[in-house]
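Examination of the molecular architecture
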Amino acid sequence: VCGTTSIKDVSDKIKLDFQYNASGYPVITYTLPFETMVDLAVYDMQGKQMLLLHDKCVVPGGLHTIELPSDLLLSGTYVCRLICDGYTCTAKIMIR
């Protein structure tokens, strides 16, 4: 974390969400307060990694959108995990 910003201050600005876009495709959106290294992956409910979307990639601050390759995920419930700057957040994903 840069300067005197604490993990708690940063965690309030990091957002992770799942939705379907206007075309009906599953989309993960996340917001970062500044450029940082990111790990972003999708897991099934048994904890098996199904998709690795970012592996220690440096990503600029701002809003980011990733359309999930729905042909690689069967209908069901998954968990998306975002790790950056020592902070982890998760979002539940429902693929239909």
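Before going into details, it helps to say that this report is about the structure given with it. (Residues numbered from 1 in each chain as written. Predicted model: local features only at pLDDT ≥ 70, side-chain atom pairs only at ≥ 80, totals over all residues. Heavy atoms only, no water.)

**Describing the overall build of the chain**
Across its full length, the chain carries one helix and seven strands. Helices and strands in the chain line up, N terminus first, as α-β-β-β-β-β-β-β. Per-residue burial for the chain yields a buried fraction of 34% across its 96 residues. Roughly 5,700 Å² of accessible area belongs to the chain as shown, and the carbon and sulfur atoms make up 53% of that amount. (Helix = DSSP H or I, 4+ residues; strand = E, 2+ residues; numbered from the N terminus. Buried < 20%, exposed > 50% of the residue type's maximum accessible area, 1.4 Å probe, protein only. Areas by Shrake-Rupley, 256 points an atom, 1.4 Å probe, with all protein chains shown as cover.)

**Some remarks on the pattern of salt bridges**
Using the criterion set out here, one finds one salt bridge in the structure. A salt bridge links Asp39 to Lys56, with the nearest nitrogen and oxygen atoms 3.9 Å apart. With Asp39 in strand β3 (residues 36-44) and Lys56 in strand β4 (residues 49-59), this pair connects stretches of sequence that are 17 residues apart. (Salt bridge = Lys/Arg side-chain N within 4 Å of Asp/Glu carboxyl O.)

**Some words on the state of the cysteines**
Within this structure, the stated rule accounts for zero disulfides. Lacking any disulfide linkage, Cys84 is separated from the closest cysteine sulfur, that of Cys89, by 6.4 Å. (Disulfide = S-S within 2.5 Å.)

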